[in-house]
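# What the coordinates show
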Amino acid sequence: MSGILEGKRILITGVLMESSIAFHTAKLAQEQGAEIILTAFPRPSLTARIAKKLPKPVETLELDVSSEEQLAGIADQVRAAGLPTLDGIVHSIGFAPQDALGGNFLNTPWESVATAMQVSAFSLKSLTTALLPLMQDGGSVVGLTFDAQYAWPQYDWMGPAKAALESTNRYLARYLGERNIRCNLISAGPIGSMAAKSIPGFPDLAATWDNRSPLKWDLTDPEPTGRGVVALLSDWFPKTTGEIIHVDGGLHAIGA
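Residues numbered from 1 in each chain as written. Predicted model: local features only at pLDDT ≥ 70, side-chain atom pairs only at ≥ 80, totals over all residues. Heavy atoms only, no water.

### A look at the UniProt feature "binding site: NAD(+)" (unreviewed entry) in the protein
Just so we agree on the cut-off: UniProt positions are given in the numbering used here, feature names are shortened, and annotations may be inferred rather than shown by experiment. Strands are runs of DSSP state E lasting at least 2 residues, helices are runs of H or I lasting at least 4, and numbering of each runs from the N terminus. In this analysis, two residues are considered to be in contact whenever any of their non-hydrogen atoms come within 4.5 Å of each other. Working definition: with a 1.4 Å probe on protein chains only, accessible area under 20% of the residue-type maximum means buried, over 50% means exposed, and in between means partly exposed.
Sequence positions flagged by UniProt for "binding site: NAD(+)" (unreviewed entry) are, in local numbering, G14, S20, I21, D64, V65, I93, K162, I191, G192, S193, M194 and A195. In this structure, D64 sits in the loop between β3 (60-62) and α3 (68-80). Setting aside chain neighbours within four positions, we find D64 in contact with F41, Q70 and L71. Residue V65 is classed as buried on the basis of its relative accessible area, which comes to 8%. Discounting chain neighbours no more than four positions away, the residues touching V65 are L71, I93, V119, S123 and S126.

### So, the UniProt feature "binding site: substrate" (unreviewed entry) in the protein
Within the UniProt annotation, "binding site: substrate" (unreviewed entry) is assigned to A96. Note that A96 resides in the loop between β4 (88-91) and α4 (110-131). Residue contacts for A96: discarding those within four places in its chain leaves L101, A116 and M158.

### Remarks on the pattern of salt bridges
Cut-off, in case you're wondering: In what follows, salt bridge is the name for a side-chain nitrogen of Lys or Arg lying within 4 Å of a carboxyl oxygen of Asp or Glu.
A full pass over the atoms with the stated rule returns six salt bridges. Between R9 and E35 there is a salt bridge, with its nearest N and O atoms 3.9 Å apart. You can see R9 sitting in strand β1 (residues 9-13) and its partner E35 sitting in strand β2 (residues 35-40), a full 26 residues away along the chain. Residue classification places R9 among the partly exposed positions, given a relative accessible area of 24%. For E35, a relative accessible area of 41% translates into the label partly exposed. In this structure, K53 and E18 form a salt bridge, with 3.1 Å as the shortest nitrogen-oxygen distance. Of the two residues, K53 is situated in the loop between α2 (44-51) and β3 and E18 in the loop between β1 and α1 (21-31); the sequence distance between them amounts to 35 residues.

### Describing the sheet that holds strand β5 (residues 139-145)
For clarity, the threshold we go by: By the convention used here, strands pair only if DSSP detects at least 2 bridges between them. Axes, fitted as lines to C-alpha atoms, cover a helix only where it is in contact. Angles between the N-to-C directions of the axes lie from 0 to 180 degrees.
Across the sheet, seven strands lie side by side as β3-β2-β1-β4-β5-β6-β7; this open sheet has parallel pairing. Among the strands making up the open sheet, the edge pair consists of β3 and β7 (244-247). This sheet shows a mean twist of 20° between the axes of neighbouring strands, independent of strand direction. Sheet analysis places β1 next to β2, joined by five bridges and oriented parallel. By the bridge assignment for β2, R9 is matched with E35. Along the sheet, α3 contacts β1, β2 and β3; its crossing angle with β3, the most-contacted strand, is approximately 160°. Against the sheet, helix α8 (residues 223-233) makes contact with β1, β4, β5, β6 (181-188) and β7, and its axis sits at roughly 170° relative to β6, the strand it touches most.

### What about the pairing of β1?
To keep things clear, this is the line we draw: Assignment of crossover handedness uses the view with strands pointing away from the viewer, where a clockwise path from the first strand over the helix to the second indicates a right-handed crossover.
Across the five residues of β1, four count as buried, placing the element largely inside the fold. In this view, the connection linking β1 to its parallel neighbour β2 by way of α1 has right-handed handedness. With three bridges joining them, β1 and β4 adopt parallel strand pairing. Following the sheet pairing, L11 is matched in β4 by I89.

And the structure:
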């Protein structure tokens, strides 16, 4: 049997470590028949090394989503790398300066908040629109969030940034539906990735899943989340858009 992404072309951001959700998404996408391309910043050479562990060789392009110049050229770079069209985009990008995390919420300056918002939320729109010329036949955009309906300890301004990401996803779904482009998010439970380890107090936040998750949650296993992303990239959700699918062991549904 062919895979559920057979013949599809997917651009994936955020492959930083073998333990990252983006890496496992890329691995599963290849196993399911997709041809993929990666983007990375600030160290594309690191991503290129990690990518050698994928089942098939893959091209890595440098892309800073806060650079209008790089965004303006990314579609041409993807074409030059051998993908004339795209069927899917995976947005696995998030960043906040250290003074926007770790209990400093009341003292974080606007400059740091603005950085968190631009890189973590606005980039979903800017990346998607930059690649629209390659999605003439529709497709699927999938991003990653961390449930923004709660104020998580230590997460601080990444919380409002994720709330903005979730709202941006809904508006993209509204405006891109006429192009047959679906826009959805996966709300993942905590994974011990590089991004997570940069959050002060992350172990305390993650411990919530040990106590409340109905399904046993494994911080070291990004594959369930990667499977969710791949499912949304496939044709098995043809009329689902503007949605947030939880892959968090069910914790979002459980009270105190």
